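Structural features, examined
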Amino acid sequence: MFFVTPGAEHLAPAFRGAGLEQGACVFRRFPDGESYVRLLEDVAGRRVVLVSTLSDPDQRLMSVLLAAGAARAQGAQEVGLAIAYLPYMRQDIAFQEGEPVSSVHFARILGQFADWIVTVDPHLHRFGSLGEVFGPVPARRVTAAGAIADWIMSAFIRPLIIGPDSESAQWVNAIAERTGAPALVLTKTRTGDRSVRIDLPEVGQFGDHQPVIVDDIVSTGTTMEKLVSGLLAKGFRAPVCCCVHALFVEGALARLLDAGALQIVSCDTVSHPSNRIGVGKLLAEGVLASFGR
């Protein structure tokens, strides 16, 4: 049985379509801002899955943890977390003395409440696998690369897949292999939280191709904005921007359009107007695989 936590309601149809039963529940806030949770089903002896997306995690996490605690207290056989967007993964090293390695600490918090975790394309840079982050708690990654590739093939005849940096290479290469399209992985140097430098290619043989910039997360949009304007200055066609996790903070969507992006497309790990690519089925399949782990 699965329960949907606030913000992930759009993923429920895919889980029902995978044959999973949806349970009724109540999530609300007390006047002082604290979270109230109630599971309206008997979960004793049952497998419970909490479907969530943790964009704006400091607001949404508590509901997930309380729901997991409630399921456990009511005798659930096991409690799994299906998290479409897993936050706090980007700080995977202490850059300065006194900083936490946020990814590891966040994983430990979740691991106290879950028997296993499934998520879509977590941001792993210095860690080789999700297992390194979560340690003894089984953690499964499903990837949206195939779904993105299928969307690109349905939309463009001659796409050129572009990744802004080495971290995007895993998605760019997988998409290029599935689509048969050429691919470029660029070099990026970050000079601050909101400033980057990208080594741009020459248009050359790609003048008749449709550039599609692919990255896992768009937050402030600084990287993509810089790349869009840079590609246009080099004579490329107006690029399409595509990402897995659409955070788009601080007016990022408007700035990308103002920079000259032809279209902005995202997966629905985070509900956003740019969503065109559904990943609920992938997440549900990951859950079913975790049942048989």
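Residues numbered from 1 in each chain as written. Predicted model: local features only at pLDDT ≥ 70, side-chain atom pairs only at ≥ 80, totals over all residues. Heavy atoms only, no water.

1. Quick word on the overall build of the protein chain
Across its full length, the protein chain carries 9 helices and 15 strands. Relative to the compact-globule value of 19 Å for 293 residues, the protein chain shows a C-alpha radius of gyration of 20 Å, a close match. Counting the 293 residues in the protein chain, one finds 52% classified as buried. Relative to all contacts within the protein chain whose residues are 6 or more apart in sequence, the contacts with residues 24 or more apart total 66%. (Helix = DSSP H or I, 4+ residues; strand = E, 2+ residues; numbered from the N terminus. Rg over C-alpha atoms; globule rule 2.2 N^0.38 Å. Buried < 20%, exposed > 50% of the residue type's maximum accessible area, 1.4 Å probe, protein only. Contact = heavy atoms within 4.5 Å.)

2. Regarding the sheet that holds strand β13 (residues 240–246)
Ordered in space as β9-β8-β12-β13-β14-β15, the 6 strands form an open sheet in which the pairing is parallel. In this open sheet, the two edge strands, each paired with only one partner strand, are β9 (183–185) and β15 (275–277). Pairs of neighbouring strands in the sheet enclose a mean axial angle of 30 degrees, with direction left out of account. Here strand β14 (residues 263–267) pairs with β15 via 2 bridges, running parallel. (Pairing = 2+ DSSP bridges. Axes fitted to C-alpha atoms, helices over the stretch in contact; angles between N-to-C directions.)

3. Details of the sheet that holds strand β4 (residues 47–52)
Backbone-to-backbone hydrogen bonds join strands into a sheet, with any given pair of strands oriented parallel or antiparallel. Reading across the sheet, the 5 strands line up as β1-β4-β5-β6-β7 and stay open at both edges, with parallel pairing between neighbours. The outermost strands of the open sheet, each flanked by one partner alone, are β1 (2–4) and β7 (139–142). When the angles between neighbouring strand axes are averaged without regard to direction, this sheet yields 20 degrees. For β4 and strand β5 (residues 78–83), the ladder comprises 6 bridges, and the chain directions are parallel. Each bridged residue has a counterpart across the sheet, and for Val49 the counterpart in β5 is Gly80. Docked against the sheet, helix α9 (residues 280–291) engages β4, β5, β6 (116–120) and β7, running at close to 155 degrees with respect to β6.

4. Quick look at the pattern of salt bridges
Opposite charge on two side chains allows them to pair when their charged atoms are near. In the structure shown here, the tally under the stated rule is 8 salt bridges. Among the ionic pairs, Arg141 bridges to Asp121, the shortest N-O distance being 3.0 Å. Taken as a pair, Arg141 in strand β7 and Asp121 in the loop between β6 and α4 (130–134) lie far apart in primary sequence, 20 residues in all. Classification of Asp121 as buried rests on a relative accessible area of 0%. For Glu202, the salt bridge is made with Lys234, and the minimal N-O distance between the two is 2.7 Å. Separated by 32 residues along the polypeptide, Glu202 in the loop between β11 (195–199) and β12 (210–218) and Lys234 in the loop between α7 (222–233) and β13 bring together distant segments of the chain. (Salt bridge = Lys/Arg side-chain N within 4 Å of Asp/Glu carboxyl O.)

5. Things to note about the packing of helix α5 (residues 145–155) against helix α6 (residues 169–179)
The contact between α5 and α6 brings their axes to 9 Å, and the two run at 50 degrees. Accordingly, the angle class assigned to the pair α5 and α6 is oblique. The interaxial crossing formed by α5 with α6 has right-handed handedness. Within the contact between the two elements, α5 uses Ala145, Gly146, Ile148, Ala149, Asp150, Ile152 and Met153 and α6 uses Trp171, Ala174, Ile175, Arg178 and Thr179. For the contact of α5 with α6, the residue count by class is 8 nonpolar, 2 polar and 2 charged. (Parallel < 35°, antiparallel > 145°, perpendicular 65-115°, else oblique. Left-handed = near helix turned anticlockwise from the far one by under 90°. Nonpolar A, V, L, I, M, F, W, Y, C, P; charged D, E, K, R; others polar.)

6. Let's talk about the environment of Met224
Examined against the element boundaries, Met224 turns out to sit in helix α7. As for Met224 and Arg255, which are separated by 31 residues in sequence, their C-alpha atoms are 9.7 Å apart.

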